[in-house]
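What follows is each chain in one-letter form.
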Amino acid sequence: MIQINNLTPEQVEMLDHMWSLETWEDYENWYSLLDEEDQMMADGLQRLIVMEAMEDLVEETKYKDAKEALKKFAL
């Protein structure tokens, strides 16, 4: 589960809208209507989502590897 803390109400609203878009084309159309400042915020939020998703993936992999290693020592 992706969780991003300490967002402003405006960022939360934008992320909610971003999540509601169903296709990449919908996202591109919406993004093209934003002014430069809002495009920068959307870009930053995208990066946060990607970083959080990568962190979740790393954590899952790390725990999976640890569990596999511990199985070798289980009685």
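For the structure, check the block above.
Residues numbered from 1 in each chain as written. Predicted model: local features only at pLDDT ≥ 70, side-chain atom pairs only at ≥ 80, totals over all residues. Heavy atoms only, no water.

## Topic: helix α1 (residues 9-20)
Then, number 1: Between its first and last C-alpha, α1 extends 17 Å over twelve residues, near the 16 Å set by a 1.5 Å rise per residue.
Then, number 2: Listing the buried residues of α1 in full gives Met14, Leu15 and Met18. Burial along α1 is one-sided: seen end-on, the buried residues are contained in an arc of 100°. In α1, those exposed residues whose orientation departs by more than 90 degrees from the buried face are Pro9, Glu13 and Trp19. (Helix = DSSP H or I, 4+ residues; strand = E, 2+ residues; numbered from the N terminus. Expected span 1.5 Å × (residues − 1). Buried < 20%, exposed > 50% of the residue type's maximum accessible area, 1.4 Å probe, protein only. Arc of directions from axis to C-beta.)

## Things to note about a negative patch on the surface
Then, number 1: A grouping of Glu10, Glu13, Asp16, Asp35, Glu36 and Glu37 is seen on the molecular surface, where their side chains present a negatively charged patch.
Then, number 2: For the negative patch, the elements supplying multiple residues, two or more each, are α1 and α3 (36-71).
Then, number 3: For the negative patch, the element with the most residues is α1, which contributes three residues.
Then, number 4: Examined against the element boundaries, Asp16 turns out to sit in helix α1. (Patch = residues over 30% accessible without salt bridge, like charges linked within 9 Å, V, L, I, M, F, W, Y side chains within 5 Å. Areas by Shrake-Rupley, 256 points an atom, 1.4 Å probe, with all protein chains shown as cover. Salt bridge = Lys/Arg side-chain N within 4 Å of Asp/Glu carboxyl O. Lys, Arg positive; Asp, Glu negative; His and termini not counted. Charge placed at Lys NZ, Arg CZ, Asp CG, Glu CD.)

## Some thoughts on the nonpolar core
Then, number 1: Met14, Leu15, Met18, Leu21, Tyr27, Trp30, Leu34, Met41, Ala42, Leu45 and Ile49 together form the largest nonpolar core, which totals eleven residues.
Then, number 2: Listing elements by their share of this core, those giving two or more residues are α1, α2 (24-32) and α3.
Then, number 3: At four residues, α3 tops the list of elements feeding residues into this core.
Then, number 4: Beyond its immediate stretch of four places on either side in the chain, Leu34 contacts Met14, Gln39 and Ala42. (Core = buried A, V, L, I, M, F, W, Y, C linked by side-chain atoms within 4.5 Å. Contact = heavy atoms within 4.5 Å.)

## Re unusual backbone geometry
Then, number 1: A positive phi is found at Asn6, a non-glycine position, where the angle reads about 65°.
Then, number 2: Turning to its location among the elements, Asn6 is positioned in the segment before α1.

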